[in-house]
Amino acid sequence: MLERLIKTISTEDTLSLGIRLGQSFQGGEVICLYGELGAGKTILAKGLGKGLGVEEEITSPTFTLIREYCAQPTGLRFIHMDLYRLVYPEEAEVIGLTDYFQDDCVCLIEWPEIIAELLPEDRLEIRIEGSGDLCRLISIVPKGKWEAHEILND
Ligand SMILES: Nc1ncnc2c1ncn2[C@@H]1O[C@H](COP(=O)(O)OP(=O)(O)O)[C@@H](O)[C@H]1O
Ligand SMILES: [Mg+2]
């Protein structure tokens, strides 16, 4: 397990971490994003989408559960989920959330706890600690095949 621990001291700092992560992705990544309300999950998602090449503004999918964007020039699909409002894991299956776990998609999931059993073995787990105006401690743990990859080699 190669854990990376990164401290960010501002919103912009977390955004640029997301951008760097997004720039390193090539498709097929599933990113599970844990943290309390206001931790900065959506901020990180905005950066990640930008780094991937999404030109539209990325907005929180809290009420829609899921939003899809197209990254340029790669054509990769950026799938942003927020499962805060999901009550039963069965709903996730009905909506077909797992259909997005494939090579032409980069999936970022806020509040992935509810679908723990449906998550692929190969995934990145990102935990954000802290809220308010304080700094954030962000841990990145690669699972499965990603364990062999260097995440964010500087
Ligand atoms: N270091 C930081 N990293 C991320 N967000 C921060 C930071 N410091 C302050 N913030 C603020 O915290 C809020 C995080 O909101 P958001 O990303 O929507 O949280 P979540 O999606 O986890 O509920 C934003 O208003 C952001 O400006
Ligand atoms: Mg959010």
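Residues numbered from 1 in each chain as written. Chains lettered and ligands numbered in written order. Predicted model: local features only at pLDDT ≥ 70, side-chain atom pairs only at ≥ 80, totals over all residues. Heavy atoms only, no water.

A. Representation of the sheet that holds strand β5 (residues 105-110) in the model. Pairing within the open sheet is mixed, and its 7 strands lie in the order β1-β7-β6-β2-β5-β4-β3. Bordering the open sheet on either side are β1 (4-8) and β3 (66-70), each of which pairs with just one other strand. Sheet twist, expressed as the average angle between the axes of neighbouring strands with direction ignored, equals 20°. Judged from the 4 bridges that link them, strand β2 (residues 30-34) and β5 form a sheet pairing that is parallel. (Pairing = 2+ DSSP bridges. Helix = DSSP H or I, 4+ residues; strand = E, 2+ residues; numbered from the N terminus. Axes fitted to C-alpha atoms, helices over the stretch in contact; angles between N-to-C directions.)

B. Inspection of the coordination of the magnesium ion (ligand 2) at higher detail. Only T42 (OG1) and E110 (OE) from the protein coordinate the magnesium ion (ligand 2), and they sit 2.2 to 2.3 Å from it. One end of the pair, T42, is in helix α2 (residues 41-52); the other, E110, is in strand β5, and 68 residues separate them in sequence. Residues T42 and E110 agree in their burial class; the two are buried. (Donors = N, O, S within 2.8 Å, 3.2 Å for Na, K, Ca; no water. Buried < 20%, exposed > 50% of the residue type's maximum accessible area, 1.4 Å probe, protein only.)

C. A look at the site of ligand 1. Around ligand 1, the structure places 17 residues, and the nearest of them are T11, T14, G38, K41 and T42. The backbone of S10 places a nitrogen or oxygen atom 3.2 Å from a nitrogen atom of ligand 1. The contact in question runs from an oxygen atom of ligand 1 to an N or O atom on the side chain of K41, over 2.7 Å. Burial of ligand 1 by the protein chains amounts to 75% of its free accessible area of 570 Å². Secondary-structure elements contributing two or more residues to the shell around ligand 1 are α1 (11-24) and α2. The element contributing the most residues to the shell around ligand 1 is α2, with 3 residues. Within the shell around ligand 1, the residues separate by chemical class into 5 nonpolar, 8 polar and 4 charged. (Near = heavy atom within 4 Å. Polar contact = N/O pair within 3.5 Å; in protein donor to acceptor, adjacent residues only side chain to side chain. Areas by Shrake-Rupley, 256 points an atom, 1.4 Å probe, with all protein chains shown as cover. Nonpolar A, V, L, I, M, F, W, Y, C, P; charged D, E, K, R; others polar.)

D. Just unusual backbone geometry, in detail. Residue P73 is bonded to the preceding Q72 through a cis peptide linkage, with omega at 0°. Along the chain, the position of P73 falls in the loop between β3 and β4 (77-82). Even without glycine at this site, L65 takes up a positive phi of about 70°. With respect to the secondary-structure elements, L65 resides in the loop between α2 and β3. Even without a glycine there, the phi angle at W111 is positive, about 55°.

E. How the structure looks around the packing of α1 against α2. Direction vectors running N to C along α1 and α2 enclose 40°, while the axes themselves pass 6 Å from each other. Regarding the angle of α1 to α2, the classification is oblique. α1 and α2 meet at a crossing whose hand is right-handed. Counted together, T11, T14, L15, L17, G18, I19, L21, G22 and Q23 of α1 and I43, L44, K46, G47, L48, K50, G51 and L52 of α2 form the full contact between these two elements. Broken down by class, the residue content of the contact of α1 with α2 amounts to 8 nonpolar, 7 polar and 2 charged. (Parallel < 35°, antiparallel > 145°, perpendicular 65-115°, else oblique. Left-handed = near helix turned anticlockwise from the far one by under 90°. Contact = heavy atoms within 4.5 Å.)

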